[in-house]
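# What the coordinates show
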Amino acid sequence: MKEYYKALYDSLLEYGHLERLTDYSNGNEAIYSGSKLISSIGMPGVDAEKESIAIMPSIVLFGFGHIGKSIYRILSDMSFPIFIFDDRKEVLDGGHYSRAAIVIDDFRSIFERTYSFENPYFLIFTHGHKADEQALRYVLENYEGAKYVGMIGSRRKINLTYSHLEEMGISRKALEKVHAPIGIDINAETPDEIAISVIAEIIRTYRKSRHQVTVDLSLLKVIDELDGNAVLARIIQKEGSGPREKGAEMLITEKSTYSTIGGGAIEMEAVKEARNMLSSHISFRILDFSLTEDSPLEMACGGNARVMLRTVK
């Protein structure tokens, strides 16, 4: 079964998006890229539910001025992984940007190295045209598979940058994929407005489907490193208010947990039942929860949730 989750991890990194079929009568599951079967646990039946799954982008900021700070403030609250690169120590202005990985160095040194990002989305808005051009060249030469590259600038600056890069061997086809000027055109003027336009474009690129489910790659890594059995809990249905969205997952072992399906009573019950499954060698369960004040869980969310528990061996 670990082979399935390893294939899921590798394929999400390669394709960004997959289709997942899950049979909620027995827990069988399969993942596809288009019509190509990638891997499966058993084989889902004809009534299996189909959903689009994806991984959350890693936001890579080249430049951390006013726009970068606005983007950080909004996206960090949305739990996006964020990486910040700048050549000015003063841009940190005493702030605590604990949710980001930060590299402060001259750009020449930054661009001499490569970095490991999971599904990187590159946002380029340094303090100068030359550094923007260097950043764009660096990204296009080193991260050919990046699904989003955006650069700020006027049409004149962008055309000039593209001409220089073509002279350096960057293809017109690669340049045509760049989002420049960056962001959706909403007549934005202030840094916050520009940040909103950029984030809207990121979400539009990232959300291929209205009902898309996000998969946590770090959780898949934990599964790959498991020593022994565990239970994977996933919210498969949610109506009304609830602590986490459909698709949220957590891993439960006999002594520990990884990630969360929202905390509170739902999570406590899921952990309790998962450990009962491990001790009883049960491989699959579906739990239904009412999230109203007069329900046994005494939660005030007001909705309903269904959680699938499946043993991982």
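Small disclaimer: the values here were computed from a predicted structure and weren't measured.

Before going further, it helps to examine the overall build of the protein chain. Helix and strand counts for the protein chain come out as 9 helices and 15 strands. With the C-alpha coordinates of the protein chain rotated into their principal frame, the extents come out at 65 × 40 × 35 Å. Considering the protein chain as a whole, with its 313 residues, one finds that 47% of them fall into the buried category. The contacts of the protein chain with a sequence gap of at least 6 include a subset with a gap of at least 24, amounting to 60%.

The subject of this paragraph is the pattern of salt bridges. Enumeration over the complete set of coordinates arrives at 20 salt bridges. The closest approach of N and O atoms between E29 and R310, which form a salt bridge, is 3.3 Å. In this pair, E29 is assigned in strand β2 (residues 29-33) and R310 in strand β15 (residues 304-312), connecting sequence segments 281 residues apart. Owing to a relative accessible area of 3%, R310 belongs among the buried residues under this scheme. With a shortest N-O distance of 2.6 Å, R285 and E273 are connected by a salt bridge. One end of the pair, R285, is in strand β14 (residues 284-290); the other, E273, is in helix α9 (residues 264-280), and 12 residues separate them in sequence. Using a relative accessible area of 31% as the deciding quantity, one classes R285 as partly exposed. By relative accessible area, which is 16% here, E273 ends up buried. In the salt-bridge network here, residues are joined through shared partners; they are R20, E49, E51 and K246.

In this section: the side chain of S76. Examined against the element boundaries, S76 turns out to sit in helix α2 (residues 66-77). A polar contact is formed between the side chain of S76 and the backbone oxygen of Y72, at a distance of 2.7 Å. A polar contact is formed between the side chain of S76 and the backbone oxygen of R73, at a distance of 3.4 Å. In this structure S76 touches I71, I82 and R99, once residues within four positions along its chain are discounted.

Of all hydrophobic cores here, the largest spans 26 residues; its most connected members are F62, F122 and L136. Elements with a contribution of two residues or more to this core: β5 (58-62), α3 (107-110), β8 (120-124), α4 (129-142), β9 (148-151) and α5 (155-167). Sequence-distant contacts of F62, defined by excluding residues within four places in its chain, comprise F85, F107, I110, F111, F122, L123, I124, F125, T126, A135, Y138 and V139. Core analysis: the second largest hydrophobic core is formed by 25 residues, A54, Y72, F80 and Y148 among them.

Think of an α-helix as 3.6 residues a turn; residues three or four steps apart then line up on the same face. The end-to-end C-alpha separation of α4 is 20 Å, in line with the 20 Å expected for 14 residues at 1.5 Å each. Within α4 the residues assigned to the buried category are A131, D132, E133, A135, L136, Y138, V139 and L140. On its buried side, α4 packs onto β5, α3, β8, β9, α5 and α6 (172-176).

Parameters and conventions
- Counting restarts for each chain: residues are numbered from 1 in the order of the written sequence.
- pLDDT decides what is reported in this predicted model: residues at 70 or higher carry local features, side-chain atom pairs at 80 or more are listed and counted, and totals for whole chains, interfaces and linings draw on all residues regardless.
- To obtain the side-chain values, all non-hydrogen atoms of the structure were included, while hydrogens and water were left out.
- Secondary structure counts use DSSP, requiring at least four H or I residues in a row for a helix and at least two E residues in a row for a strand, with both numbered from the N terminus.
- Relative accessibility under 20% of the residue-type maximum defines a buried residue, over 50% an exposed one, and the middle range a partly exposed one, all with a 1.4 Å probe and only protein chains included.
- Two residues qualify as a contact provided that any one of their heavy atoms is within 4.5 Å of a heavy atom in the partner residue.
- By convention in these notes, a salt bridge is any Lys or Arg side-chain nitrogen within 4 Å of a carboxyl oxygen on Asp or Glu.
- N or O atoms within 3.5 Å of each other form a polar contact, as long as, within protein, one can give a hydrogen and the other can take it, and as long as residues adjacent in sequence are counted only when both atoms are side-chain atoms.
- In these notes, a set of buried Ala, Val, Leu, Ile, Met, Phe, Trp, Tyr and Cys residues joined through side-chain atoms within 4.5 Å is what counts as a nonpolar core.
- Each residue after the first adds 1.5 Å to the expected span of a helix.

In short, the description is geometric, and any link to function would need to be established separately.
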